[in-house]
Amino acid sequence: MPKKLSKKDFLKTPKGTRDIMPHDALIWRAIESKVGEIASAYGFKFIRTPHIEHAELFAPTLGEASDIVEKQMYAFKTGGGDNLVLRPEWTVPAVRAYFEHGMHSWPQPVMLYTYGSFFRHENPQKGRFREFGQFDLEVLGDESGAADALVVRVFSIIFQELGFKNFIVHINTLGDKECRGEYRKELVAYYRRKINSLCKDCRNRLKTNPLRLLDCKEPSCQELKEGAPKTIDFVCQSCRAHFKNVLEFLDELAVPYFIDPRLVRGLDYYSRTVFEVFAERVQTKKENQEDKEKAENIKDASKTAVDSNDKTAENKPEEASLIALGGGGRYDYLAESLGQKKLFGVGVAIGLDRLAEELKNRSAGLTREKKPDIYMVQLGPQAKKKTLAMFESLRKAKFNVAQSLAKDSLRAQLQSADKAGAALALIIGQKEALDGTIIIRDMSTGAQETVLQEKILDNLKKKLKILANPQAPGKAEVK
Ligand code: AMP
């Protein structure tokens, strides 16, 4: 039975989605431009793929028992009978694109990146949405440990350049198809002995996907994880050599990592290397204040005295905890599970929602809007027409120009120019519109000068150069 929405509700975004408002969208654009710049510098090529894909791609690759396939995909049947889904992740679409476009005939490895929206029907919570942003890097057609190290390296450079000082890569090897079987057996045997302490989902996972037991967030299952067998004790010689090779590259590149011998990731397609990146989370002022208030309440309730060495929230520096910003790994069997030839691959996905939120808290200065060089002020209809044409020629000449079409008075427009931080204002009134002149006003001193409209570009270049470097000789005027 379709749900009937009230008028109030259908004017809101659907649950788990949101509008990224202009100020926040600036952070997203800054991140996208930074990650794009770094990825291209390292040889990754940008590609856009559809937001919808065939449903049949995902169950054999992610796994029938994965959370995504079991309960998180937005699936629908089209009028023509196709089973489609909103893409829940990008590794599978990247591999699909590789085969669809015959990329095996390109020089190998094929290195691709993308960013955009992904969709999972999960319970919205802080930092998790039903439509969320990801940046993805994939290296296709390369078996070497250097490829794994490359994606981890590019990933960590992105974090460094975005201003994260304290981040760490948790890394592990899952082994390959052959040696993983042995590990799985040991893991199942271990958890069978603890079955009474497992949560309901984990009892099911024990039958369908035992590796996922290590991923469970229930506190009782987390405790059991501590005693579980470690993958590294079961992997074969060649998987061990591959892992060693990856770690040697990371050492060489000085990427901070921590071997987490029980790290697994929620999808079936991973083999050998898996990793996740964690960064230190900075508390927002609001959270910090809330913690202080909680500490106050505890103190009041217990009426205990607090001496100066006490570790209450008041005495602590800003609290920091770890947040997962993304992860990835190798998927050497993924293509075969789609009925294709073997294709080695390794990739990573960075969650953009948390990253954007974190950067907002860190006030990384990413969103500072560029101040305009020039603000155009027009008085009257004739002048308005003139400024519209002139605006375009100034923009083409690469000046950073702003204007306010809605404001009519000189005072209001000069106030806006001042607020925007413009260096110069260009003023055209009825008189200037008729006699082909224009007034240039220095916004910091208020000094004004009338020049010919046809000479405006030369005049502006000169004036802006002088403003940028007031000591420089040669203040010759062009009129
Ligand atoms: P995954 O594709 O599950 O490996 O996730 C990679 C990264 O994407 C995670 O570390 C998160 O930062 C982000 N991510 C995954 N699912 C969501 C979601 N529902 N909402 C926001 N971010 C997500």
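- For the protein chain, the name recorded in an unreviewed UniProt entry is Histidine--tRNA ligase.
- UniProt lists a comment for the protein chain under the heading Sequence similarities (unreviewed entry), and it reads "Belongs to the class-II aminoacyl-tRNA synthetase family."

**Things to note about the sheet that holds strand β4 (residues 83-86)**
Pairing between the strands of a sheet comes from backbone hydrogen bonds, and it takes one of two forms, parallel or antiparallel.
Right, so step 1: Within the open sheet, the three strands sit side by side as β2-β4-β3. Their pairing is antiparallel. One side of each edge strand has no neighbouring strand; the edge strands of this open sheet are β2 (52-54) and β3 (75-77). Neighbour to neighbour, the strand axes of the sheet diverge by 35° on average, direction disregarded.
Right, so step 2: In this sheet, β4 lies alongside β2 in antiparallel orientation, the contact comprising three bridges. The partner of Glu-53 across the bridge, within β4, is Val-85.

**Let's talk about the packing of aromatic side chains**
Right, so step 1: Inspection of every chain in the model, using the stated rule, returns 13 aromatic pairs.
Right, so step 2: Judged by centre distance (5.1 Å) and plane angle (55°), the ring pair of Phe-155 and Phe-159 falls under tilted. Linking Phe-155 with Phe-159, this pair stays in helix α6 (residues 145-161), spanning four residues, or about one helical turn.
Right, so step 3: One aromatic cluster is present, formed by Phe-155, Phe-159, Phe-164, Phe-167 and Phe-275 through successive ring pairs.
Right, so step 4: Above the face of the Phe-129 ring, Arg-18 is positioned so that its terminal group lies 3.9 Å from the ring centre.
Right, so step 5: Taking NZ or CZ as reference, Arg-87 lies 4.2 Å from the ring centre of Phe-118, over its face.

**As for the pattern of salt bridges**
Pairing is possible between side chains of opposite charge, provided their charged atoms come close.
Right, so step 1: A full pass over the atoms with the stated rule returns 23 salt bridges.
Right, so step 2: For Asp-435, the salt bridge identified is with Lys-431, shortest N-O distance 3.3 Å. In this pair, Asp-435 and Lys-431 both sit in helix α16 (residues 430-435), four residues apart, roughly one turn of the helix.
Right, so step 3: For Lys-431, a relative accessible area of 56% gives the class exposed.
Right, so step 4: Here Glu-449 and Lys-463 are joined by a salt bridge, their closest N and O atoms 2.6 Å apart.

**Structural notes on the side chain of Asn-209**
Right, so step 1: By the secondary structure assignment, Asn-209 is in the loop between α8 (200-208) and α9 (219-225).
Right, so step 2: With sequence-adjacent residues up to four places away left out, Asn-209 is seen in contact with Ala-65 and Asp-268.

**What to know about the site of the ligand**
Right, so step 1: Around the ligand, 13 residues are found, and the nearest of them are Arg-120, Glu-122, Phe-129, Gln-134 and Arg-265.
Right, so step 2: Between the ligand and Gly-326, the relevant distance is 3.3 Å, taken from an oxygen atom to a main-chain nitrogen or oxygen of the residue.
Right, so step 3: Protein chains bury 90% of the 480 Å² of accessible surface belonging to the ligand in isolation.
Right, so step 4: Broken down by secondary-structure element, the contributors of at least two residues to the shell around the ligand are β6 (131-140), β10 (320-330) and β11 (345-351).
Right, so step 5: It is β10 that provides the largest number of residues to the shell around the ligand, a total of three residues.
Right, so step 6: Of the residues that constitute the shell around the ligand, the class distribution is five nonpolar, four polar and four charged.

**Digging into the environment of His-121**
Right, so step 1: In this structure, His-121 sits in the loop between β5 (110-119) and β6.
Right, so step 2: Not counting chain neighbours up to four residues away, the residues in contact with His-121 comprise Lys-71, Gln-72, Tyr-74 and Arg-130.

**Brief notes about the confidence of the model for the protein chain**
Detailed reading of the predicted coordinates is not advisable wherever pLDDT falls low.
Right, so step 1: Chain-level statistics for the protein chain give a pLDDT mean of 88 and a share of 89% at 70 or above.
Right, so step 2: Here residues 298-319 is a poorly scored stretch, pLDDT under 50, and it has 19 contacts once near neighbours within four places are set aside; other chains count.
Right, so step 3: Segment residues 474-479 is flagged for pLDDT under 50; beyond a separation of four residues in sequence, or across chains, it makes 12 contacts in the model.

Calculation notes
Residues numbered from 1 in each chain as written. Predicted model: local features only at pLDDT ≥ 70, side-chain atom pairs only at ≥ 80, totals over all residues. Heavy atoms only, no water. UniProt positions renumbered as here; feature names shortened; annotations may be inferred. Pairing = 2+ DSSP bridges. Helix = DSSP H or I, 4+ residues; strand = E, 2+ residues; numbered from the N terminus. Axes fitted to C-alpha atoms, helices over the stretch in contact; angles between N-to-C directions. Phe/Tyr/Trp six-rings, centres within 6.5 Å; stacked < 30°, edge-to-face > 60°. Lys NZ or Arg CZ within 6 Å of the ring centre and 35° of its normal. Salt bridge = Lys/Arg side-chain N within 4 Å of Asp/Glu carboxyl O. Buried < 20%, exposed > 50% of the residue type's maximum accessible area, 1.4 Å probe, protein only. Contact = heavy atoms within 4.5 Å. Near = heavy atom within 4 Å. Polar contact = N/O pair within 3.5 Å; in protein donor to acceptor, adjacent residues only side chain to side chain. Areas by Shrake-Rupley, 256 points an atom, 1.4 Å probe, with all protein chains shown as cover. Nonpolar A, V, L, I, M, F, W, Y, C, P; charged D, E, K, R; others polar. pLDDT = per-residue confidence, 0-100.

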